[in-house]
Amino acid sequence: MKSFTSPRARALVVAIAAASLALTGCSENKGTSSGADSKKDQKEASTQSKAVTYADAAGSTGPAAAVAGAKSGGTIQVYQEAGLSHLDPGQIYVSDAGQVANLLFRRLTQFKEDDKGNVSVVGDLATDSGKSSDGGKTWTFTLKDGIKDSNGSAITSADVRHTVERQFAKFIFDGPPYLQTWLAGDKYASDYRKLLPGGGFDGKHLPASVLDTPDDKTVIFHFDTARPDLPQTLAMAGYAVVPEKTDTKESYDKAPVATGPYKIASYKVGKSLVLTKNTNWDPKTDSVRNQYPDGFNFQFGITESTQTKRLIADQGDDKNAIQLTGAVEATQIQDVIGNAAVNKRTTKGYQPYVMQLSFNLDRVKDKKVREAITYAVNSKSLIAGEGGAYGGDVAPNYFAPTLPGYEATYDPYGRLKTPQGNIAKAKEILKDVPAAEKKVVFAYSNSEAGQKRKVAIEDALSKVGFEVVSKEVDSASYYEQIGKINNPYDIYITGWGQDWPSAGTVITPVYDPNQVADGSPNYSHVKDAKVKELIKTALTQEPTEAAKTWKEAQHYLLENVLPAAPLWYTKQFQLSGSNIGGARYGSVSSLIDINRLFLKS
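Values in this document were obtained by computation on a predicted structure and should not be read as measured data.

What counts, and at which threshold
Position labels on residues start from 1 in each chain and follow its written sequence. For this predicted model, a pLDDT threshold of at least 70 governs which residues receive local features, and a threshold of 80 or more governs which side-chain atom pairs are given and counted, while totals over whole chains, interfaces and linings are taken from all residues. Where side-chain values are given, they derive from all heavy atoms of the structure, hydrogens and water being excluded. Here, nonpolar core refers to any group of buried Ala, Val, Leu, Ile, Met, Phe, Trp, Tyr and Cys residues whose side-chain atoms link them within 4.5 Å. Each residue is placed in one exposure class: buried if its accessible area under a 1.4 Å probe, protein chains only, is under 20% of its type's maximum, exposed if it is over 50%, and partly exposed if it falls in between. A contact between two residues is defined here by any heavy atoms of the two lying within 4.5 Å. Under the scheme used here, helices are H or I runs from DSSP no shorter than 4 residues and strands are E runs no shorter than 2 residues, and both carry numbers assigned from the N terminus. In the cavity and pocket records, a cavity denotes points on a 1 Å grid over the protein atoms alone where a 1.4 Å probe fits but cannot get out, a pocket denotes an open set with protein on both sides within 12 Å along at least 5 of 7 lines, and lining residues are residues with an atom within 4 Å of a point. Grid points are joined across faces, edges and corners, and a volume is the space filled by probe spheres set on the points. Think of it as three bins: nonpolar holds Ala, Val, Leu, Ile, Met, Phe, Trp, Tyr, Cys and Pro, charged holds Asp, Glu, Lys and Arg, and polar takes everything else, Gly as well. Think of a salt bridge as a Lys or Arg side-chain nitrogen and an Asp or Glu carboxyl oxygen that are within 4 Å of each other. Interaxial angles span 0 to 180 degrees and are taken between N-to-C directions of axes, which are lines fitted to C-alpha atoms, for helices over the stretch in contact. Angular relationships are summarised with four words: roughly parallel below 35 degrees, roughly antiparallel beyond 145, roughly perpendicular across 65 to 115, and oblique for the angles in between. Crossing chirality is assigned from the near helix's rotation relative to the far helix, an anticlockwise turn below a right angle marking it left-handed and a clockwise turn marking it right-handed. Any two strands with at least two DSSP bridges between them are considered paired. The aromatic pairing rule takes the rings of Phe, Tyr and Trp, using the six-membered ring of Trp, and pairs them if the centres are within 6.5 Å, calling planes under 30 degrees apart stacked, those over 60 edge-to-face and the rest tilted. Over a ring means this: the NZ of a Lys or the CZ of an Arg is within 6 Å of the ring centre and within 35 degrees of the ring normal.

Novice: Teacher, can you tell me more about the nonpolar core here?
Specialist: General note: in soluble globular proteins, nonpolar side chains tend to be found buried as a group. Within the largest apolar cluster, 98 residues are counted, with the highest numbers of intra-cluster contacts made by Leu183, Phe221, Leu357, Ile373, Leu461 and Phe466. Ignoring any residue separated from it by four or fewer positions in sequence, one finds Leu183 in contact with Val164, Phe168, Leu195, Leu206, Val210, Phe221, His222 and Phe223. Counting 29 residues, the second-largest nonpolar core is a separate cluster that includes Ile76, Leu87, Ile580 and Ile594.

Structure representation (C-alpha cells):
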C-alpha cells in the first residue's frame, strides 16, 4: 500500500496500508509503545506479521461489536494537511483516502480487528469471506440481503461485475493492480488492460469463464492459478463497489455514491469534505463499522504543526478533533509526552511503511551514482525531522519489521552502522563519475515534512559532490506526478507498506517489470528480467517456499539493481481531542481506527 502524502509516510491500506490496508501493530491509548525503545518496537511489530484468518457467515454477520462507553451524536472534526488525490474507490491506494473510504464504501470482504489486535477477513457485501474450489482457482461469493447504496438502490452482482470491469478502463490508473492482473492471467501479463480495453463501458464484458454472475446474488471469479489471498485483496478500498447506474467515469472521483455508514454532504477539493449519516446503511448487515457520530467534518490545508498546537491546547471544537494521517509535529513531541494528560490522548504504533529514496532508472542509469547516493543519504537527519525515535527507525533494507521474512541485520549499504551517511564511501564511488551525472533533479512534496526532507537530502548529497536541483510538487498529487512514466525527476522519496502479510505485496507492485505504467507503484521503472522471473516463481509457490524466493528477490534488487535507497521505517504518533472516545491504533489502517470513534459528550 502506498504511504500517505501527508507529513508522515503517505499506506494502500493496504493499507491498505494500506493503508491503505496494511496489517501492522495495534496498541491502545496507553502511551507506552512506539517510543524511544526501537528494539522493543520492532519486536512488537514482528508479532503482527501473522496471517489473518478467514471468517465464515457467523463472523460476517452484523451489527459490529459495540464500543465500550460509546454514545451517538455530534460531529468529529478531522484535520489534514494535504487534500485527497481521489475519492473514486477504483483510484484509492493511499492511506488518507483509505481512511475516508472506511466510512463511505463497502466491498465484497473487509478486514475486522478485535480488541486484542487479532485480524480476520469477513464478508462485507458478501455473506462470508468467500468459498474456494478447483484447488483455489475458483472463488464464489454470495451477496447479503438488504444492502443498498445511499440512493436507496439495491446492490446486486451486476454492480460487483461493473466494479471489477471498470478497473480495466484507462481512466482508472492509481488503484491496486492485483485483481485485474490475476484475472488477465499469463496471456495479458504485460498489459492487463488488453483483457477488457473498454472497461465494460462499451458493452463488452468479461467472459463467464473469468467472471460469472449467474444471478443477482452470486459472484464467481475464475483464475488460471490458485489465488489464496483473494479475500484479503478484495478487502482493499480500491475494490469497493461502484453502483453501475451511478458511475460517471472520470467525474465519479468528485461525487461517489456511498454504501457505508456515511455519505458525502459536500466536497470542496483541497479544502473540505463533510460527511453525514447514510440512512440507507443497515448496521445489521455490517460486522465491522459503527455509526456513532452524526458526521465528520474534514478540513484540509491545516499543517501538522498547527494541528498539534490546537490539539494540545484542546479548546472548543479541537476537543472533538482527530488527525487523519498526520502526526504530532516533531518539534512538539516533548510537549506531548511530557504532559501526562495530553499523552493520554495519543495513539501510537509501528507502521508497515518503508520510506526510501527512489531512483528513476530511466534517468539515473549509472549504478555507481545510485550507490553513491545510497551511501550518502542521512537517515538520522531524516528521522529527526519525523520526530526522532517516535517517528521512525533506520531502514537497512526494503522489508519492514511488520513483514514476514523481515531480516533485521540484512544491511548491504551499512545503514545501521552509519545512519548519518557514509560520506567517504560515497566520494570514493563518485571519483570517476562524469560531472554531468552528478546533477540530480529531486522532487519533494510541498508539505512541512516535505520541506524538512528536502533540506536533509540536499545537505547529504551536496557533501559528496552532487548538484541537487529540487522541484516542489503539490502534496495532494505527489504520487500521481512521480507515478508518471515520463516524469522529469531523477529521485523522489516514496513509501510503501504491505497490503497483507506477504512480501509478495511489496516486491510485486513496487518492482514487477510487468507493472511499469502510469500510476503504477513501480516508481523506479524496474525492468530487470531476473526480478520478473523471481516474482513469477514466488507467485506459484506455497508460502514457506515463496518466502525464500521473496528473500532472494530483495537481495538481488538491493545488491544488483538498486532501484531505491532504504531510508527509514515509520511509526505513527497521533493526537486526538479530549472529547474523542473509542480511539485506538488500528492494525488494519496503521492509523487511528476511524470505524469506532464517538464523542464522549
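From this point, the discussion proceeds with the structure in view.
Novice: In this structure, what is going on with helix α3 (residues 157-166)? I would like to understand it.
Specialist: Within an α-helix, residues lying three or four positions from one another point in the same direction, as the helix has 3.6 residues per turn. Counted residue by residue, α3 has nine buried out of 10 residues, so it is predominantly covered. Contact partners of the buried residues in α3: α4 (178-184), β7 (211-212) and β8 (218-222).

Novice: Looking at this model, I keep getting lost on the layout of surface pockets. Mind explaining?
Specialist: Any space left empty among the atoms is revealed by the rolling of a water-sized probe across them. Approximately 730 Å³ is the volume found for the largest pocket. For the lining of the largest pocket, the elements supplying multiple residues, two or more each, are α4, α14 (504-511) and α16 (543-561). Here the lining of the largest pocket is composed, by residue class, of 17 nonpolar, nine polar and four charged.

Novice: Is there a simple way to explain the pattern of salt bridges in this structure?
Specialist: When charged atoms on two side chains of opposite charge get close, those side chains can pair. Inspection of the entire model under this criterion finds 24 salt bridges. Here Arg596 ties to Asp115 by a salt bridge, and the two come within 3.7 Å at their closest N and O atoms. Linking Arg596 in the loop between β21 (591-592) and β22 (598-599) with Asp115 in the loop between β3 (109-113) and β4 (119-123), this pair joins segments that are 481 residues apart in sequence. Under the relative-accessibility criterion, Asp115 is labelled exposed at 59%. Here Lys527 ties to Asp362 by a salt bridge, and the two come within 3.2 Å at their closest N and O atoms. Taken together, the residues Lys527 in the loop between α14 and α15 (529-538) and Asp362 in the loop between β13 (346-359) and α9 (367-376) connect sequence positions 165 residues apart. Here the salt bridges do not stand alone but share partners, grouping Arg106, Asp124, Asp286 and Arg289 into one network.

Novice: I keep staring at the packing of α14 against α16 and nothing clicks. Help me out?
Specialist: A pair of packed helices can be characterised by two numbers: the angle between their axes and the separation between those axes. Contact geometry of α14 with α16 gives a least axis separation of 10 Å together with a crossing angle of 45 degrees. Overall, the two elements α14 and α16 adopt an arrangement that is oblique. Helix-helix and strand crossings are classified by hand; for α14 and α16 the assignment is left-handed. Contacts between α14 and α16 involve Gly504, Ile507, Thr508 and Tyr511 on the former and, on the latter, Trp550, Ala553, Gln554 and Leu557. Of the residues that constitute the contact of α14 with α16, the class distribution is five nonpolar, three polar and no charged.

Novice: So what exactly am I meant to see when it comes to the sheet that holds strand β15 (residues 439-445) here?
Specialist: Backbone hydrogen bonds hold the strands of a sheet together, and the pairing may be parallel or antiparallel. With respect to topology, six strands assemble into an open sheet ordered β14-β18-β13-β17-β15-β16, the strand pairing being mixed. Single-partner strands in this sheet number two, and they are β14 (392-394) and β16 (467-473). Going across the sheet, the axis of each strand differs from the next one's by a mean of 30 degrees, ignoring polarity. The pairing of β15 with strand β17 (residues 491-496) spans two bridges and is parallel. Within the sheet, the bridge partner assigned to Ala443 lies in β17 and is Tyr492.

Novice: It is not clear to me how the pairing of strand β10 (residues 272-277) should be interpreted in this structure. Could you clarify?
Specialist: Taken residue by residue, a regular strand's side chains alternate between the two faces of the sheet. Relative to β10, strand β9 (residues 262-268) is paired through six bridges, and the arrangement is antiparallel. Residue pairing across strands places Tyr267 opposite Leu273, the latter belonging to β10. Note: β10 against strand β11 (residues 295-300), five bridges, orientation antiparallel. Bridging across to β11, Ser272 finds its partner in Gln299.

Novice: Honestly, the sheet that holds strand β1 (residues 53-54) in this entry has me stumped. Any pointers?
Specialist: Read from one edge of the open sheet, three strands run β1-β4-β3, paired in mixed fashion. If you trace the sheet from one side to the other, it starts and ends with β1 and β3, each paired once. Relative to β4, β3 runs antiparallel, the two being bridged by five bridges. Bridging from a neighbouring strand, Gln110 pairs with Val122 of β4.

Novice: Looking at this model, I keep getting lost on the packing of aromatic side chains. Mind explaining?
Specialist: Any aromatic ring pair is given by two values, namely how distant the centres are and how the planes are angled relative to each other. Evaluation of the coordinates by the stated rule reveals 20 aromatic pairs. A ring pair is formed by Phe442 and Tyr444, whose centres lie 6.3 Å apart and whose planes are at 25 degrees; its orientation type is stacked. Each member of the pair, Phe442 as well as Tyr444, is classed as buried. Linked through ring pairs, Trp139, Phe141, Tyr178, Trp182, Phe221, Phe223 and Trp500 together constitute an aromatic cluster. Here the basic side chain of Arg310 rests over the ring of Tyr79, its NZ or CZ set 4.5 Å away from the ring centre. Between the NZ or CZ atom of Lys454 and the centre of the ring of Tyr444, over which it lies, the distance is 5.7 Å.

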